[in-house]
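Next come the chains, spelled out residue by residue.
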Amino acid sequence: MPFTAKPEVLSPRLKRGGRAFDDENLDLLSHVLDDFIRIPGTSIRFGLDGIVGLIPGVGDLIGGIASCIIIVAAWVRGVSYVTVTRMVANVAIEVLVGSIPVLGDMFDIAWRANRRNYALLIGSVDEPRKHTLQSWLFLGMVCLVLAGLVILPLLLLTWVFDGLFHALFGTSSHGLFRTL
């Protein structure tokens, strides 16, 4: 039996914004921020976000603020909240990892959060149901990774304290720091 449900069409949240949030302007913005300069002889491209990210301390923060324009445009145009949250996660990943000297700058150039977010915006307007599901899966993976980043150090500390307790007192911790 064929599935006949119609996709949910969200209306724009605001009537303001005019041409500022048009596809053409947002595409140009994401292009300028992420990939308008090409290193000759290679396929490596970067934009203002990669250049500004080289400024220690504030460069990635400035790039992250500029990236928020696409997120605001998505919200104004009625993109689902989970997709907007995914867009925020893309920018947060870019800013946090990008703040690591040298390696973060290379990640920033490769991650291209603005191009990703523009593609999410366009795809979410065209196929809202598909992008909502993909956004839930992406955010679920981000939550699992974050949980792992919290749990693994705690398990390591538990193991270290158990070994330290055993070394200092010559006895087991009696389950106080025992792990699985």
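Note: the structure precedes this text.
Remember, predicted model here, so these are calculated numbers, not experimental data.

### A closer look at unusual backbone geometry
Phase 1 of the analysis: For Val102, which is not glycine, the phi dihedral falls at a positive 60°.
Phase 2 of the analysis: Structurally, the position occupied by Val102 is in the loop between α4 (81-98) and α5 (103-111).
Phase 3 of the analysis: Note on Val102: relative accessible area 57%, which makes it exposed.

### What to know about the packing of aromatic side chains
Aromatic ring pairs are described here by two measures, namely the spacing of the ring centres and the angle between the planes.
Phase 1 of the analysis: Enumeration over the complete set of coordinates arrives at one aromatic pair.
Phase 2 of the analysis: Ring geometry for Phe107 against Trp111: centres 5.4 Å apart, planes inclined by 20°, an arrangement best described as stacked. On the criterion of helical spacing, the pair formed by Phe107 and Trp111 is a turn pair, its members being four residues apart in helix α5.
Phase 3 of the analysis: The ring centre of Phe138 lies 4.8 Å from the NZ or CZ of Arg86, which sits over that ring.

### Points about the pattern of salt bridges
Phase 1 of the analysis: Taken as a whole and judged by the stated rule, the model has three salt bridges.
Phase 2 of the analysis: Between Arg77 and Asp23 there is a salt bridge; the shortest N-O distance is 2.6 Å. Separated by 54 residues along the polypeptide, Arg77 in the loop between α3 (59-76) and α4 and Asp23 in helix α1 (residues 23-34) bring together distant segments of the chain.
Phase 3 of the analysis: Taking the relative accessible area as the measure of exposure, Arg77 reaches 23% and is therefore partly exposed.
Phase 4 of the analysis: Residue Asp23 is classed as partly exposed on the basis of its relative accessible area of 34%.
Phase 5 of the analysis: Arg115 serves as the salt-bridge partner of Asp27, at 2.8 Å between the closest nitrogen and oxygen. Of the two residues, Asp27 sits in helix α1 while Arg115 sits in helix α6 (residues 113-126), which places them 88 residues apart along the sequence.
Phase 6 of the analysis: Salt bridges here are not isolated pairs; linked through shared partners, they connect Asp27, Asp35 and Arg115.

### Here's the deal with α6
Phase 1 of the analysis: In a regular helix each residue adds 1.5 Å, so 14 residues correspond to 20 Å; α6 covers 20 Å between its end C-alpha atoms and thus fits that length.
Phase 2 of the analysis: The elements touched by buried residues of α6 are α1, α2 (48-52), α3, α4, α5 and α7 (128-169).

Rules and cut-offs
- Residues numbered from 1 in each chain as written.
- Predicted model: local features only at pLDDT ≥ 70, side-chain atom pairs only at ≥ 80, totals over all residues.
- Heavy atoms only, no water.
- Helix = DSSP H or I, 4+ residues; strand = E, 2+ residues; numbered from the N terminus.
- Buried < 20%, exposed > 50% of the residue type's maximum accessible area, 1.4 Å probe, protein only.
- Phe/Tyr/Trp six-rings, centres within 6.5 Å; stacked < 30°, edge-to-face > 60°.
- Lys NZ or Arg CZ within 6 Å of the ring centre and 35° of its normal.
- Salt bridge = Lys/Arg side-chain N within 4 Å of Asp/Glu carboxyl O.
- Expected span 1.5 Å × (residues − 1).
- Contact = heavy atoms within 4.5 Å.

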